[in-house]
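The residues making up each chain are set out below.
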Amino acid sequence: MNNAQQGPAARQAAMAERVLAEGSATAAELAERFGVSLMTIHRDLDELERQGIVRKFRGGVTAQPSGVFESNVQYRLKTMRAEKAAVAERALRMVEPGMAIMLDDSTSTLEIARRLRLGEVTPLTVVTNFLEAINMLSDQRGIHLMALGGDYDPLHSSFLGVSCVEAIGQLRVDVCFASTSAVHGGYAYHQEQHIVSVKRAMLDAAARNVLLIDHTKLARVALHRVVPLSRFDLLLVDDGASAEALRDLDENKVPYEVCAKPATVTKGSDDRAGAT
């Protein structure tokens, strides 16, 4: 099916992906790309703006890095790679052969999975609901991969819902590595309730919990409180964190480590989990 024959929903999804990849686009470019009129393009862009996915300006749009769009896994895969690499490198030092670890559906923990592909920490059991991590580790020798089932959510590329929570409740792991949308005032926050229930279950299933965040998540709030930061044994953040944001952690007696960003981030030869 060519672009002109696509329905509005499919065309808008493809349009959002293109704007995400390019950062911005003009209405004329999009009309030519999708083979529809400018009037149709503007209707599509109005809908994408209403959903919080793009921000319109005269003659075009830019990607809107907030709200619903921050949940989009393709958006998250492209952002803060150096920062996520820094905290993942530190987190990896906590993983020892013979452990069972759990990874949530965050792109921060995906950086841990990316490093586990090197096969330097085996044998290992990895439990995750994140399809990106499942694909990345599915053929890795020495890793016993346990995929958590549930209702598949394409926006997050993960399995969620009641059945996922129940599956987690049957397990006990050594360490859970997780991330959230925001951290402030002694609490971790996330913007979506159905994600919160899964993250809470994961934290309950682990002997130790480690929170991985990039510095942009500090001193922010989202709609739902996930858990108090006291639920985590350690918070890892990159060295872009401001002194003020770190003071907030100190005042709330949160154990944390600041992780130095590497000079460069080497893109792995196998990025099947998503173009970054």
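None of these values were measured; they are calculated from a predicted model. (Residues numbered from 1 in each chain as written. Predicted model: local features only at pLDDT ≥ 70, side-chain atom pairs only at ≥ 80, totals over all residues. Heavy atoms only, no water.)

Here the focus is the environment of Asp-46. If you trace the backbone, Asp-46 turns up in helix α3 (residues 38-50). With ten residues separating them in the primary sequence, Asp-46 and Lys-56 have C-alpha atoms 7.9 Å apart. Within the local environment of Asp-46, its side chain forms a polar contact with the side chain of Lys-56, the two groups lying 2.8 Å apart. (Helix = DSSP H or I, 4+ residues; strand = E, 2+ residues; numbered from the N terminus. Polar contact = N/O pair within 3.5 Å; in protein donor to acceptor, adjacent residues only side chain to side chain.)

A few words now on helix α6 (residues 81-92). Over its twelve residues, α6 extends 16 Å from the first C-alpha to the last, a length consistent with the 16 Å expected when each residue adds 1.5 Å. Of all twelve residues making up α6, ten are buried, and the element is well covered by its neighbours. Every buried residue belonging to α6 is among Arg-81, Glu-83, Lys-84, Ala-85, Ala-86, Val-87, Ala-88, Arg-90, Ala-91 and Leu-92, and all of these are buried. (Expected span 1.5 Å × (residues − 1). Buried < 20%, exposed > 50% of the residue type's maximum accessible area, 1.4 Å probe, protein only.)

Counting buried residues along strand β9 (residues 173-178), five of its six residues qualify, which places the element largely inside the surrounding structure. Inspection of the sheet shows β9 paired to strand β12 (residues 206-213) by five bridges, in the parallel sense. Paired with Phe-177 across the strands is Val-210, a residue of β12. (Pairing = 2+ DSSP bridges.)

So, on to the environment of Ala-207. In this structure, Ala-207 sits in strand β12. Beyond its immediate stretch of four places on either side in the chain, Ala-207 contacts Arg-172, Val-173, Asp-174 and Asp-233. (Contact = heavy atoms within 4.5 Å.)

So, about the sheet that holds β9. Across the sheet, which stays open at both edges, the seven strands sit in the order β6-β5-β4-β9-β12-β14-β15 with parallel pairing between neighbours. Of all strands in the sheet, those bounded by a partner on one side alone are β6 (143-147) and β15 (256-259). In this sheet, adjacent strand axes meet at a mean angle of 20° when their direction is disregarded. (Axes fitted to C-alpha atoms, helices over the stretch in contact; angles between N-to-C directions.)

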